[in-house]
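Listed below, chain by chain, are the residues.
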Amino acid sequence: MTRTLILTRHAKSAWGNNAPSDHARPLNKRGRRSAAALGDWLRRNDQIPDQILCSSSQRTRETQELMAFDAPTVFIERLYHASSEIIFQALREATQNRVMLVSHKPGIAAFAHAVVATPPDHIRFDDYPTGATLVVRFDIDSWADLSWSSGRVVDFVVPRELLEEEVGA
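Bear in mind that the values here come from a model prediction, so they are computed numbers and not experimental data.

Criteria and cut-off values
Residues numbered from 1 in each chain as written. Predicted model: local features only at pLDDT ≥ 70, side-chain atom pairs only at ≥ 80, totals over all residues. Heavy atoms only, no water. Axes fitted to C-alpha atoms, helices over the stretch in contact; angles between N-to-C directions. Helix = DSSP H or I, 4+ residues; strand = E, 2+ residues; numbered from the N terminus. Parallel < 35°, antiparallel > 145°, perpendicular 65-115°, else oblique. Left-handed = near helix turned anticlockwise from the far one by under 90°. Contact = heavy atoms within 4.5 Å. Buried < 20%, exposed > 50% of the residue type's maximum accessible area, 1.4 Å probe, protein only. Pairing = 2+ DSSP bridges. Right-handed = clockwise from strand over helix to strand, strands pointing away. Salt bridge = Lys/Arg side-chain N within 4 Å of Asp/Glu carboxyl O.

Colleague: What exactly am I supposed to notice about the packing of helix α1 (residues 29–44) against helix α2 (residues 58–67) here?
Modeller: Between two packed helices, the angle of one axis relative to the other and the distance separating the axes together describe the packing. Two numbers describe how α1 lies on α2: the axes approach to 7 Å, and their chain directions differ by 45 degrees. Looking at the two axes, α1 sits oblique to α2. As α1 runs across α2, the sense of the crossing is right-handed. On the side of α1, the interface is formed by R32, A35, A36, L38, G39, L42 and R43, while α2 contributes E62, T63, L66 and M67.

Structural data, given as structure tokens:
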């Protein structure tokens, strides 16, 4: 059996707003467009999550809401600025076959690098910019069986590519 992970860094957030804390920082206009474009891209590629694990921050919540998937969502406080190890442990608790996990850098970038057998040949994978989304498949029966360096990359995209496609269309 296989399990699929959709690993998304939150979309571009607003700086210089009146948010009372970093945790409460919302998306900016480009981030809102990017999140919607990512959701559309995933639907076009038949990568619709069965379950969403999401950091509790405002920008991750908005990202997953604007992607507009009708999947059970669990907001997990410990995914806020989580290390790659915490992300790993949270994913091992997932219960569905196709899971989307929405979190923050630097942990999400470190996790993406550590969980795949071979990284995608993409110029932006190393820096994992806002909205970066990795689709990776694992040959495991349960998320509890997840191990490092075991994922096969299915796809990787950054929102800028999707927004440029919209303009060019």
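Anyway, onward from the coordinates.
Colleague: Looking at this structure, how should I read the pairing of strand β2 (residues 51–55)?
Modeller: When a strand is regular, its side chains alternate between the sheet's two faces. The element β2 is largely enclosed, with a buried count of five among its five residues. Going residue by residue along β2, you find Q51, L53 and S55 tucked away on one face and I52 and C54 tucked away on the opposite face as well. In this sheet, strand β4 (residues 98–103) lies alongside β2 in parallel orientation, the contact comprising four bridges. Each residue of the ladder has a partner; that of I52, found in β4, is M100. Two elements, β2 and strand β3 (residues 73–76), share four bridges in a ladder whose sense is parallel. Each bridged residue has a counterpart across the sheet, and for L53 the counterpart in β3 is V74. You can see the chain leave β2, run along α2 and come back into β3, and the turn it takes is right-handed.

Colleague: So what exactly am I meant to see when it comes to the pattern of salt bridges here?
Modeller: Where charged atoms of side chains with opposite charge meet at close range, the side chains can pair. Going through the model one piece at a time under the given rule, you end up with six salt bridges. The shortest N-O distance in the salt bridge between D40 and R43 comes to 3.1 Å. Of this pair, D40 and R43 both sit in helix α1, three residues apart, which is roughly one turn of the helix. D40 sits in the partly exposed class, given a relative accessible area of 35%. On the basis of relative accessible area, R43 is assigned to the partly exposed category, the value being 31%. R152 is the partner of D139 in a salt bridge, and the nearest nitrogen-oxygen pair spans 2.8 Å. With D139 in the loop between β5 (133–138) and β6 (152–157) and R152 in strand β6, this residue pair connects regions lying 13 residues apart in the sequence. Residue R152 is classed as partly exposed on the basis of its relative accessible area of 41%. One continuous salt-bridge network, built from bridges that share partners, spans D22, R25 and R59.

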